[in-house]
Amino acid sequence: MEGMEQWKDQLEQLKSQLEPWKNQLEQWLHQAIEFLNQIPPIQLYAAVAVLLVSTLLLLSFHLFKRTKSNSIVLTGLSGSGKTVLFYQLRDGSSHQGTVTSMEPNEGTFVLNSESYKGKTKPVHLVDVPGHSRLQPKLDEFLPQAAGIVFVVDALEFLPNCRLASEYLYDILTKASVVKKKIPVLICCNKTDKVTAHTKEFIRKQMEKEIDKLRASRSAISAADIANDFTLGEPGEAFAFSQCRNKVTVAEASGLTGEVAQVEQFIREHVKP
């Protein structure tokens, strides 16, 4: 019984200590109600509307940040070395070379060079076949892409320059790429070979070819139904710097594992 009495005494002391706070809160609440009653209804409704809109915008911003794509698309002509790059990025191995892919090769994984770092955001990498009949499969993956790696064979570049430029032209004029300003990396693969062309040579030659394509396709139709957007500035020679989305050029070698510039591009657009 004595313990019960002590407990009651402690409870009464706590109540007496909280009483000033209770009175203060009641006073603040009363003042707040009086203040709100003084505000014209229109201003009050406007303030509530601003608060609601701000909250919705904040929620949308956080939702957008959480759902940002982690997909990188590897594409380019058949034989350019896309699949070897895919395996180098995933496993750090070329798998002793590969055969031409006939189906998209995809996976979600932490880049091999970052596997020791612990918590790192995985990348969803898609290797789209480069065969002309399979290139339309690219359209399935572009809308979700955070970036595009367009692989060019730097060793056998000149015989394939026009075809590669046509394929790149088609990508750079797609609405799904232009509207979302999806960044593109032109990856000059096989640069470990002595006779491989430099990235600057490849960039300049592709710009020239795209400039020719731009003129010829505009002559065929003023409203080119095959492409959603046009490239370049009227009256000026085409340059990748004129594109609405960012286009950069890098060198790599899938067979020897020199893929640092490709990894840098991926991490610029899929944050760890």
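Scroll up to find the structure.
Since the model is a prediction, treat every value here as computed from it, not as a measurement. (Residues numbered from 1 in each chain as written. Predicted model: local features only at pLDDT ≥ 70, side-chain atom pairs only at ≥ 80, totals over all residues. Heavy atoms only, no water.)

Trainee: How do you make sense of helix α8 (residues 260-269) when you look at a structure like this?
Mentor: In an α-helix, one turn spans 3.6 residues; hence positions three or four apart end up facing the same way. Buried within α8 we find Val 262, Glu 263, Phe 265, Ile 266 and Arg 267. In this fold, the buried residues of α8 make contact with β1 (71-76), α3 (82-91), β3 (123-127), β4 (145-153), β5 (184-189) and β6 (247-251). (Buried < 20%, exposed > 50% of the residue type's maximum accessible area, 1.4 Å probe, protein only. Helix = DSSP H or I, 4+ residues; strand = E, 2+ residues; numbered from the N terminus. Contact = heavy atoms within 4.5 Å.)

Trainee: What is the right way to read the sheet that holds β3 from this model?
Mentor: The strands that make up a sheet are held in pairs by hydrogen bonds between backbone atoms, and each pair lies either parallel or antiparallel. Pairing within the open sheet is mixed, and its six strands lie in the order β2-β3-β1-β4-β5-β6. The open sheet terminates on both sides in strands that have one partner only, identified here as β2 (105-109) and β6. Each neighbouring strand pair of the sheet contributes to a mean axis angle of 20 degrees, computed without reference to strand direction. As paired strands, β4 and β5 are joined by six bridges and run parallel to one another. Note that in β5 the partner of Val 149 across the bridge is Leu 185. Sheet strands in contact with helix α5 (residues 157-172) are β1, β4, β5 and β6, and its direction is about 165 degrees off that of β4. (Pairing = 2+ DSSP bridges. Axes fitted to C-alpha atoms, helices over the stretch in contact; angles between N-to-C directions.)

Trainee: Help me understand the pairing of β2, please; the structure alone is not making it clear to me.
Mentor: Regular strands show a simple pattern: their side chains alternate between the two faces of the sheet. The side-chain alternation of β2 yields one buried face, formed by Asn 105, Gly 107 and Phe 109, and one unburied face, formed by Glu 106 and Thr 108. The pairing of β2 with β3 spans five bridges and is classified as antiparallel. By the bridge assignment for β3, Glu 106 is matched with Val 126.

Trainee: Mind showing me how you'd approach the pairing of β3 here?
Mentor: Within β3, five of the five residues are buried, leaving the element largely enclosed by the surrounding structure. Here β3 shows two buried faces, one formed by Val 123, Leu 125 and Asp 127 and the other by His 124 and Val 126. Direction of pairing for β1 relative to β3: parallel, over a ladder of four bridges. If you follow Ser 71 over to β3, its bridge partner there is His 124.

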